[in-house]
Amino acid sequence: MADKDHVLIFDTTLRDGEQSPGATMSHDEKLEIAELLDDMGVDIIEAGFPIASEGDFEAVTEIAKRSKDAVICGLSRANFKDIDRCWEAVKHAAKPRIHTFIGTSPLHRDIPKLSKDEMAERIHDTVTHARNLCDNVQWSPMDATRTEWDYLCRVVEIAIKAGATTINIPDTVGYTAPRESADIIRNLIEQVPGADDVVFATHCHNDLGMATANALAAVEGGARQIECTINGLGERAGNTALEEVVMALRVRGDIMPFKTGIATTKLMHISRRVSTVSGFPVQFNKAIVGKNAFAHESGIHQDGMLKNAETFEIMRPEDIGLSETNIVMGKHSGRAALRSKLEELGFDLADNQLNDVFVRFKALADRKKEVFEDDLIALMRDQETGEEYDRIKVKFLRVICGTEAPQSADLTLTIDGEDHQTTAQGDGPVDATFNAVKSLFPHNARLQLYQVHAVTEGTDAQATVSVRMEEDGRIATGQSADTDTVVASAKAYVNALNRLLVRREKSDPDADVKQVSYKDAG
Ligand code: KIV
Ligand code: ZN
């Protein structure tokens, strides 16, 4: 039974989010994000799809073992093998949940070639099986919003009778609109026998840009669980963004009187972490967590803000964990100031880590007049590698570039402690540099993504470069920041290569290509 005013937050960043092409996270990254979600007050964490790969299974198992307050949920298709595998992983949690789903719309029913009756029987059998293993079972009719109404009511009733405790209504292809989203939930609650005994959940995709509106409308219709991801990460246009629904409910409690248990001051930090580990940048004007979400450029706005912040701000930056001012640090700032600023940004460092960052902070402050919060975050991202990720290092780089092609790069790499030097040419300085890396360390990895963005403004701004590489189905993302874009590019490329090497050598479970198709829900 749902608490009338409380909306449960179900985060699926590690399952639906991670499923989006290129957003693969490593085992350790998944554990870190799960811990942050748990600490932030997320009610249910969907930690993965255990049958999809060894890597998913191990991550869900470990997240379950380490969980604190959150329910840990795993996804499974509608068959006993999937459900058993899911249970094997989530059973270690203090509060486990099995989530099982099947595509119920005509198009999805056609894939496993099941008649309506055969599918109904499958739903009954699989939910019963899941419920015999676990007290907490969620069932989803995939593509619910394009399922015939009578059939949707029929299968929801079967799932409730078979023991499902949460019924999730996915708008799998982002097709619904707010009024319809509310009506579907309201009518299901009114028409399906037993509906009062379960929690209804809403799971929206953002293909038409309505995921947040649809999720909130579903709550007005009676849903008491919102499924969402940090930064709206997810397949295609993504899922409902957690930070958006949580802040909307908080800011507009006057017209949407519902509470969540989310500590909103942790939103900004987790948004940055998810962006870093997934390699998916947050668009500047993204609601709540975008770089410009609280920036006021125009004269009229700035004037109003100075007189009374409420003139143009409906929430305070500190509500989401942004400090009031973007305090500038410089080369005279000391270790204590750096520690306190980093703590404010959500980075808790051991003394040796602080020493290392401090050295790099000083080097940056020598090259850059003012060091902003974003610079410090970029610096922290840069240091998120351990020794094992340091087999290849950039020792020296000089590029010759100009209007005359070709450009050339003179590069020295330290590989397993030994220096190797070469000069390579290319179509532009970055291409020349990457060619030089490849000639010193030949490999078959394919460059999937190369992205540059300026951390702050000004010609001395640091550039953050993300490089994503793929080799035999393994994907690794490297990042680096430097005031020199080509140096940042070289380091990011080498960083991605190091990560691929670790995966290759340890035959990292994350390296597995997903073995099952999520679409094949039969
Ligand atoms: O979008 C969807 O239908 C899903 C289900 C597996 C719940 O992610
Ligand atoms: Zn989904």
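Residues numbered from 1 in each chain as written. Chains lettered and ligands numbered in written order. Predicted model: local features only at pLDDT ≥ 70, side-chain atom pairs only at ≥ 80, totals over all residues. Heavy atoms only, no water.

Enquirer: Is there a simple way to think about the overall build of the protein in this case?
Expert: Along the protein, the regular secondary structure elements total 17 helices and 14 strands. Scored against the burial criterion, the 522 residues of the protein give a buried share of 56%. A separation of at least 24 residues holds for 68% of the contacts in the protein among residues at least 6 apart in sequence. A total accessible area of about 22200 Å² is found for the protein, and carbon and sulfur atoms account for 50% of it. (Helix = DSSP H or I, 4+ residues; strand = E, 2+ residues; numbered from the N terminus. Buried < 20%, exposed > 50% of the residue type's maximum accessible area, 1.4 Å probe, protein only. Contact = heavy atoms within 4.5 Å. Areas by Shrake-Rupley, 256 points an atom, 1.4 Å probe, with all protein chains shown as cover.)

Enquirer: Is there a simple way to explain the pattern of salt bridges in this structure?
Expert: It is possible for side chains of opposite charge to pair when their charged atoms get near one another. Throughout the structure, instances matching the rule amount to 32 salt bridges. As a salt-bridge pair, Lys-113 and Asp-110 come within 4.0 Å of each other at their nearest N and O atoms. Across the pair Asp-117 and Arg-154 runs a salt bridge, and its minimum N-O distance is 2.9 Å. Here Asp-117 is found in helix α6 (residues 116–133), whereas its partner Arg-154 is found in helix α7 (residues 149–162), with 37 residues between them in sequence. Taken together, the shared-partner salt bridges in this structure form one network comprising Arg-15, Asp-16 and Glu-46. (Salt bridge = Lys/Arg side-chain N within 4 Å of Asp/Glu carboxyl O.)

Enquirer: Before we go on, may I ask you to explain the packing of aromatic side chains in this structure?
Expert: By convention here, two paired aromatic rings are described through the distance between centres and the angle between planes. Under the criterion given, the structure shown has three aromatic pairs. With a centroid separation of 6.1 Å and 35° between ring planes, the pair formed by Phe-358 and Phe-361 is classed as tilted. Taken together, the residues span about one helical turn, with Phe-358 and Phe-361 both in helix α14 (residues 351–367) at a distance of three residues. Each member of the pair, Phe-358 together with Phe-361, is buried. Aromatic pair Phe-434 and Tyr-450: ring centres 5.8 Å apart, planes at 90°, arrangement edge-to-face. Here Phe-434 is found in helix α16 (residues 429–440), whereas its partner Tyr-450 is found in strand β12 (residues 446–454), with 16 residues between them in sequence. Every member of this aromatic cluster is reached through a ring pair, and the members are Phe-434, Tyr-450 and Tyr-493. Residue placement shows Arg-146 over the ring face of Tyr-175; its charged tip is 6.0 Å from the ring centre. (Phe/Tyr/Trp six-rings, centres within 6.5 Å; stacked < 30°, edge-to-face > 60°. Lys NZ or Arg CZ within 6 Å of the ring centre and 35° of its normal.)

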